Amino acid sequence: MSSPSSSSPTSTSEDFHLEEEELSRPYGSDLEERDEEDEESASDSSFEPGTQACLYVAAAVAVVAAVAVAVAPILILQDMKVEGTRLLHQAQKQKMRMSLMLQSEKIAFLWERCNRTTLHCKPCKEGWVQHKDRCFLFGGIDARLRWRAAKHDCIRQWSHLARIPDEDTHYFLNNMSTWWTEKIIREGIKDRLSKTPAIEFWIGLNDFDVNGTFVWHDKSHPVVSFWSENEPNHQEGQNCAAIGQPKVGDLLNTWDDGTCLNKRQYICESKALVKY
């Protein structure tokens, strides 16, 4: 009976002392201790977010480096492919330019005068006659064409109807025309060429643009002229000039304006292959 009564007061006393201690502690001191503990805990773990960020950055850099290493050969191959395509197109263009050059008028001009095996060249093509830096072709003995047809035949041969820029050229062509006329008569071809008795040679002079104003094929006006007496007479349809036959007492002035639709001999002109 005495044991229970003695233990009860002791327990009550201890609880009382604990309550006194708790009451004697300043208010909020337990909160401060908890804050300090939280700060210590936070300070101990403060390195963790920074460390993780560094690890993330390092991982990202490693990934980028790995991708760059993997992609670099592909980019290099692409660049090489683009450069190869560019060089191929450039070579094709160069080949095309060379092909066009070989087919150009200048190369054709050379091949017509040069032997492709020996590369020996002559000033004029076969059958053409040289005068200074020009070559002239008198249409074949049987070649009688209308003015426009004669013009196109000259163009076909990389030339044009003759142009007479000075007195010396006129002398040369006048003499050659006379020689050809004598050759035609001598070989008995004149009678079967045409009913027209006169033998004349078309040149490039014409007045298609302005009637009565004669110009050469390049639209330049004659510097000198050698019209026969009463020529040009500007009759209808007579828009083309020709070198006719010299008349008694006047061997120089032989130009005549004729009907362009009449068929005549003609003279083509081209550049001569000469050194300067």
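Residues numbered from 1 in each chain as written. Predicted model: local features only at pLDDT ≥ 70, side-chain atom pairs only at ≥ 80, totals over all residues. Heavy atoms only, no water.

Q: Can you walk me through the overall build of the protein in this structure?
A: A tally of regular secondary structure across the protein gives 7 helices and 8 strands. When each of the 276 residues of the protein is scored for burial, the buried share is 29%. Sequence separation of at least 24 residues holds for 71% of the intrachain contacts in the protein that already meet a minimum separation of 6. (Helix = DSSP H or I, 4+ residues; strand = E, 2+ residues; numbered from the N terminus. Buried < 20%, exposed > 50% of the residue type's maximum accessible area, 1.4 Å probe, protein only. Contact = heavy atoms within 4.5 Å.)

Q: Help me out: how do you make sense of helix H6 (residues 167–186) in this one?
A: Taking 1.5 Å as the rise per residue, H6 with 20 residues should run 28 Å; its terminal C-alpha atoms sit 28 Å apart, in good agreement. Every buried residue belonging to H6 is among Thr169, His170, Phe172, Leu173, Asn174, Met176, Ser177, Trp180, Thr181, Lys183 and Ile184, and all of these are buried. (Expected span 1.5 Å × (residues − 1).)

Q: Would you mind going over the pairing of strand E2 (residues 134–138) with me for this structure?
A: Working note: regular strand, side chains alternate between the two faces of the sheet. Burial of E2 is extensive: 4 of the 5 residues sit out of reach of the surface. Where strand E1 (residues 129–131) meets E2, 3 bridges bridge the pair, whose relative direction is antiparallel. The residue of E2 that forms the bridge with Val129 is Phe136. With antiparallel pairing between neighbouring strands as the criterion, E1 and E2 make up a hairpin whose turn holds 2 residues, including Lys132 at a positive phi of roughly 55°. Relative to strand E8 (residues 265–271), E2 is paired through 5 bridges, and the arrangement is antiparallel. Pairing of Phe138 across the sheet is with Ile267, part of E8. (Pairing = 2+ DSSP bridges.)

Q: Sorry, what's going on with the environment of His170 here?
A: Along the polypeptide, His170 turns up in helix H6. The spacing of His170 and Val224 is 54 residues in sequence and 9.3 Å in space, taken between C-alpha atoms. Setting aside its immediate chain neighbours within four residues, His170 contacts Ile164, Phe226, Leu252, Thr254 and Trp255.

Q: I keep staring at the state of the cysteines and nothing clicks. Help me out?
A: Joining two cysteines, a disulfide is a covalent bond between their sulfur atoms. Applying the stated criterion to the full structure yields 3 disulfides. Here Cys124 connects covalently by a disulfide to Cys135, the sulfurs 1.9 Å from one another. Taking the sign of the torsion about the S-S bond as the criterion, the disulfide between Cys124 and Cys135, at about -85°, is left-handed. Placement of the pair is Cys124 in the loop between helix H4 (105–111) and E1 and Cys135 in strand E2, with a sequence separation of 11 residues. Both residues of the pair, Cys124 and Cys135, count as buried. (Disulfide = S-S within 2.5 Å.)

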